[in-house]
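Fold and contact review
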Amino acid sequence: MLLAYAHNNNLSEAINLFRQIPSNTKDTISWNSIIKASVICGDFVTAVKLFDEMPHRNSISWTTIIHGFLSIGRVVEAERFFHAMPYADKDVATWNAMVNGYCNNGRVEDAICLFHQMPSRDVISWTSIIAGLDRNGKSYQALIFLQNMVGFSGVEISSTTLVCGLSAAAKISDFHVGIQIHCCMFKFGYCCGFDEFVSASLVTFYACCKRMDDACRVFGETVCKNVVVWTALLTGFGLNDKHVEALEVFGEMMRFNVVPNESSFTSALNSSHPLAEKIYEKLEWLGVKLKEIGYVPDQQFALHDVEIEQTEEMLSYHSERLAIAFGLLSTSEGSTLTVMKNLRVCGDCHNAIKLVAKIVDREIVVRDSSRFHHFKNGICSCGDYW
């Protein structure tokens, strides 16, 4: 219940409930839950205060506060808690959190140093350092760690680990290493035909190595094709300057009712300048109509330190608005538009889409990271709470 309040951004109610728990039944789980609730709500002052008040702490208590600070880039505070944590309480999850946090915040050498200090490592430890090195432009080094893991660690490798290695091979176009990883996927039983994550990474790898025939072969062998697999092929054709083929893939996606995500939509735009021009024309038309009915862009959802005119332009080009403009051009009048978004829709776009739905007299459905938003006649189904 404490975490339920937190996920609804109601920390005060969570704390009130926590204070009502009798002291003789307030166990470590309760304390850990209220600390995690504070972290979820971004109140680190309260989280630290509660942590200091805890009569007894376990590894979860420490890891929660450490991971919380790392998630918002406050590495120094996370380090302070990590070093203060009793060595006996540092389980592999705590070490993993710190290694991953260092990588996410660009402190790669610290991550490597800490990785080598770990008393034991699991598959998450190895995957974190491999992925972290690759993300920070050290793809060669990432592949060395993968080689050491496979050859000497004794830790059972996962499909996620191999996909991270394949990403590193793709970035440096190391075809021979990528082929070895592909073989490992078969050896360890990770069938790309049924694993969309593996299939998409293979398609991307072969595309980066200019082997589109192999990319298409993997795509064809994939039984379960989700939007990520389709987007990998679409983007791969674009990377190889095969823009006609990229648009054909995009058309196939639409025919198979695969709803494009932001990446697939952007790749399609990059492959068709005439289409892009029509979409931007549609956006300009919508912008005029929006202003006619009193819409004013909410500046807080744009970047700072730019002119107001630039701010308004940046807001109008948010991915969900580009997708809606494309949908208006490519679907029949009166039909429902559906847009998928990986992140939470911003407040300004939410306000604008309500009005766009009214202007074009169509229902617009936007699925973001929180919920489905059904926009119709200037109103959203979420009641402006999401």
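Residues numbered from 1 in each chain as written. Predicted model: local features only at pLDDT ≥ 70, side-chain atom pairs only at ≥ 80, totals over all residues. Heavy atoms only, no water.

**Digging into the overall build of the protein chain**
Here is the rule: A run of H or I in DSSP becomes a helix once it reaches four residues, and a run of E becomes a strand once it reaches two; helices and strands are each numbered from the N terminus. Each residue's exposure class comes from its accessible area (1.4 Å probe, protein chains only) as a fraction of the maximum for that residue type: buried when under 20%, exposed when over 50%, partly exposed otherwise. Any two residues whose heavy atoms approach within 4.5 Å at even a single point are treated as in contact. Here, Shrake-Rupley sampling with a 1.4 Å probe gives the accessible areas, and only protein chains in the shown set may cover a residue. Here Asp and Glu are counted as negative and Lys and Arg as positive; His is not counted, and neither are the chain ends. The atoms used to mark charge sites are NZ of Lys, CZ of Arg, CG of Asp and CD of Glu.
Along its length, the protein chain carries 21 helices and 4 strands. By principal-axis analysis of the C-alpha atoms, the protein chain measures approximately 65 × 55 × 40 Å. A total of 386 residues make up the protein chain; the buried ones form 45% of that total. Within the protein chain, residue pairs in contact and separated by at least 24 positions form 58% of the contacts whose partners lie at least 6 positions apart. When the accessible surface of the protein chain is summed, it comes to about 19600 Å², and 55% of that surface belongs to carbon and sulfur atoms. On the protein chain, the mean spot of the 33 positive side-chain charges and the mean spot of the 42 negative ones are 3 Å from each other.

**So, the pairing of strand 1 (residues 337-340)**
Rule in force here: One requirement defines pairing of two strands: DSSP has to find at least two bridges between them.
Of the two faces of strand 1, only one is covered, namely that formed by L337 and V339; the face formed by T338 and M340 stays uncovered. Sheet topology note: the strand 1/strand 2 (residues 364-367) ladder contains 4 bridges and is parallel. Paired with T338 across the strands is V365, a residue of strand 2.

**What about helix 18 (residues 273-292)?**
For clarity, the threshold we go by: Take the number of residues in a helix, subtract one, and multiply by 1.5 Å to get its expected span. What the arc describes is the spread of directions from the helix axis to the C-beta atoms.
With 20 residues, helix 18 should reach 28 Å at 1.5 Å per residue; the first-to-last C-alpha distance of 29 Å fits that figure. By the burial criterion, the buried members of helix 18 are A276, I279, L283, L286 and L290. For helix 18, the buried positions fall inside an angular range of 85° around the axis, keeping them on one side. Among the exposed residues of helix 18, those pointing more than 90 degrees away from its buried face are H273, P274, E277, K278, E281, E284 and E292. Among the residues trailing helix 18, G294 stands out with phi positive, at a value near 95°.

**Thoughts on the sheet that holds strand 1**
Across the sheet, 4 strands lie side by side as 1-2-3-4; this open sheet has mixed pairing. Two strands lie at the open edges of the sheet, namely strand 1 and strand 4 (379-380), each paired on one side alone. One ladder, built from 4 bridges, connects strand 2 with strand 3 (residues 372-376); its direction is antiparallel. In the sheet register, V365 faces strand 3, and the bridge partner there is H374.

**Some details on the UniProt feature "repeat: PPR" (unreviewed entry) in the protein chain**
Rule in force here: UniProt positions are given in the numbering used here, feature names are shortened, and annotations may be inferred rather than shown by experiment.
Mapped onto this numbering, the UniProt entry annotates "repeat: PPR" (unreviewed entry) at residues 27-61, 91-125 and 226-260. Counting secondary structure, residues 27-61 comes out at 74% helix and 0% strand; the distance between its end C-alpha atoms is 12 Å. A helix fraction of 74% and a strand fraction of 0% characterise residues 226-260, whose end C-alpha atoms lie 10 Å from each other.

**A word on the packing of helix 10 (residues 139-153) against helix 11 (residues 159-171)**
Cut-off, in case you're wondering: Axis lines are fitted through C-alpha atoms, for helices just across the contact stretch, and the angle between N-to-C directions can take any value from 0 to 180 degrees. Each helix crossing is assigned a hand: it is left-handed if the near helix lies turned anticlockwise from the far helix by less than a right angle, otherwise right-handed if that turn is clockwise. Side-chain classes are defined by residue name, with Ala, Val, Leu, Ile, Met, Phe, Trp, Tyr, Cys and Pro counting as nonpolar, Asp, Glu, Lys and Arg as charged, and the others, Gly among them, as polar.
Taken N-terminus to C-terminus, the directions of helix 10 and helix 11 make an angle of 145°; their axes are 9 Å apart at the nearest point. For the pair helix 10 and helix 11, the crossing hand works out as left-handed. Between helix 10 and helix 11, the contacting residues are S139, A142, L143, L146 and M149 on the first element and T161, G165, A168, A169 and K171 on the second. Looking at the contact of helix 10 with helix 11, its residues break down into 6 nonpolar, 3 polar and 1 charged.

**Here's the deal with the pattern of salt bridges**
Note the cut-off: One side-chain nitrogen of Lys or Arg within 4 Å of one carboxyl oxygen of Asp or Glu is enough to make a salt bridge.
Using the criterion set out here, one finds 13 salt bridges in the structure. Between R19 and E53 there is a salt bridge whose closest N-O contact spans 3.7 Å. Here E53 lies in helix 4 (residues 44-53) and R19 lies in helix 2 (residues 11-20), a separation of 34 residues in the sequence. Relative accessible area serves as the criterion here: at 43%, R19 is assigned to the partly exposed category. Between E79 and R107 there is a salt bridge, with the nearest N and O atoms lying 2.7 Å from each other.

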